[in-house]
Amino acid sequence: MRSPRWLPLFFLLALSCGRPAVLPMEKAPARGQKLIVFSPVVTGFAERDVSTVGGALMGSILTHLGPSAQSYRVGWRSLEADYGDFPERLFKAAHEAFTAGTRKLKDVEIPERDSTLFRELDSIGPRMGVAFRALHLPIWSPTHLLVTGVERFAPDHLSSRYFRVFAFVVNREDHTLAFGMGLDLETSDSLYRQVEGLLRAGQTIARPLVKWFPTELPPVVKVVVPAGDTPERRPAADSSETEETPED
């Protein structure tokens, strides 16, 4: 899939400063939710390098999110025929919303499937729950999906490589962009160095998301009884005093 043209000029200037452009998290997910992480949309790399690049970014994100996240590949084999290039469509819609400065996604017709993006968002959560059950895993319907993208540009006269990384968390129930981040990276024209940069980018993406998908329950609230006089305990009645003696 060809990637959209990335960003207007003002956003490119913001990224060139080296600081991530971030759209903060909208609201906390329900307790017990995990973030479903999809494989990155990779452009500008040789076909033989796509899996290496995508695996580096996705693997880094999953590693740094730990138990707060889950790979989309769990159960995806039974869904791929029905959803096809869903991750690419969702990434494109999220990117367009991020570029436009809005959270609301735009619905897109999918003629070949007689469906729309919003219908797929509504159905894919419960369908994942069914796929989990088939694998004898805990059954739950994911509400938040993470889609990412990497675009590499031609080397400059100093043989430096520039590429951009985007990460979007989509609230599939509300059809909104819950979180967005854009990163500008520069490395040498070495795939090894570029993979190193993507590993660091994965950590940068995961860092603000960990707190939104906690895996541990909050600490138990301790009830403190204020100090004071305790009521005196009444002595138990003597059984010999209350027991009636039978008449002769």
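Residues numbered from 1 in each chain as written. Predicted model: local features only at pLDDT ≥ 70, side-chain atom pairs only at ≥ 80, totals over all residues. Heavy atoms only, no water.

Colleague: Report on the packing of helix H4 (residues 86-100) against helix H5 (residues 117-134), specifying residues and quantitative values.
Modeller: At a minimum axis distance of 11 Å, the contact between H4 and H5 shows a crossing angle of 120°. With respect to each other, H4 and H5 are oriented oblique. For the element pair H4 and H5, the recorded crossing hand is left-handed. On the side of H4, the interface is formed by Phe86, Arg89, Leu90 and Ala93, while H5 contributes Leu117, Glu120, Leu121 and Ile124. Looking at the contact of H4 with H5 residue by residue, the class counts come to six nonpolar, no polar and two charged. (Axes fitted to C-alpha atoms, helices over the stretch in contact; angles between N-to-C directions. Helix = DSSP H or I, 4+ residues; strand = E, 2+ residues; numbered from the N terminus. Parallel < 35°, antiparallel > 145°, perpendicular 65-115°, else oblique. Left-handed = near helix turned anticlockwise from the far one by under 90°. Contact = heavy atoms within 4.5 Å. Nonpolar A, V, L, I, M, F, W, Y, C, P; charged D, E, K, R; others polar.)

Colleague: Explain the pairing of strand S9 (residues 176-188) to me, using residue names and the numbers behind them.
Modeller: Burial analysis of S9 places 10 of its 13 residues in the buried class, the great majority of the element. Alignment of strand S1 (residues 21-23) against S9, held across three bridges, turns out to be antiparallel. By the bridge assignment for S9, Val22 is matched with Met181. In terms of strand pairing, strand S8 (residues 160-171) meets S9 through 12 bridges, oriented antiparallel. In the sheet register, Phe166 faces S9, and the bridge partner there is Gly182. Counted along the chain from S8 to the antiparallel partner S9, the turn is four residues long, and its residue His175 has a positive phi close to 60°. (Buried < 20%, exposed > 50% of the residue type's maximum accessible area, 1.4 Å probe, protein only. Pairing = 2+ DSSP bridges.)

Colleague: Any chance you could break down the packing of helix H2 (residues 47-65) against helix H6 (residues 191-206) for me, citing the residues and the numbers?
Modeller: Across the interface, H2 lies against H6 with an axial gap of 8 Å and an inter-helix angle of 30°. Our classification of the angle between H2 and H6 gives roughly parallel. For the pair H2 and H6, the sense of crossing is right-handed. Contacts between H2 and H6 involve Asp49, Thr52, Val53, Ala56, Leu57, Ser60, Ile61, His64 and Leu65 from the former and Leu191, Val195, Leu198, Leu199, Ala201, Gly202, Gln203, Ile205 and Ala206 from the latter. Counted by class, the contact of H2 with H6 contains 12 nonpolar, five polar and one charged residues.

Colleague: So what's going on with the confidence of the model for the protein? Which residues, and what values?
Modeller: Confidence in the prediction for the protein averages 83 pLDDT; 79% of positions are at 70 or higher. Confidence drops under pLDDT 50 across residues 1-17; counting only partners more than four residues distant or on other chains, this segment forms 35 contacts. (pLDDT = per-residue confidence, 0-100.)

Colleague: Please give an account of the nonpolar core that cites residues and values.
Modeller: Formed by 56 residues in total, the largest nonpolar core has its most connected members in Phe86 and Val165. Discounting chain neighbours no more than four positions away, the residues touching Phe86 are Phe38, Trp76, Leu117, Glu120, Leu121, Ile124 and Leu145. (Core = buried A, V, L, I, M, F, W, Y, C linked by side-chain atoms within 4.5 Å.)

Colleague: Explain the side chain of Arg172 to me, and be specific about the residues and the numbers.
Modeller: Mapping Arg172 onto the fold places it in the loop between S8 and S9. There is no salt bridge for the buried Arg172, and the closest opposite charge comes from Glu173, which lies 4.2 Å off by N-O distance. Here the side chain of Arg172 touches Asp122 through a polar contact of 3.5 Å, landing on its backbone oxygen. In contact with Arg172, not counting residues within four places along its chain, are Leu121, Asp122, Ile124, Gly125, Pro126, Ser141, Pro142, Thr143 and Leu145. (Lys, Arg positive; Asp, Glu negative; His and termini not counted. Salt bridge = Lys/Arg side-chain N within 4 Å of Asp/Glu carboxyl O. Polar contact = N/O pair within 3.5 Å; in protein donor to acceptor, adjacent residues only side chain to side chain.)

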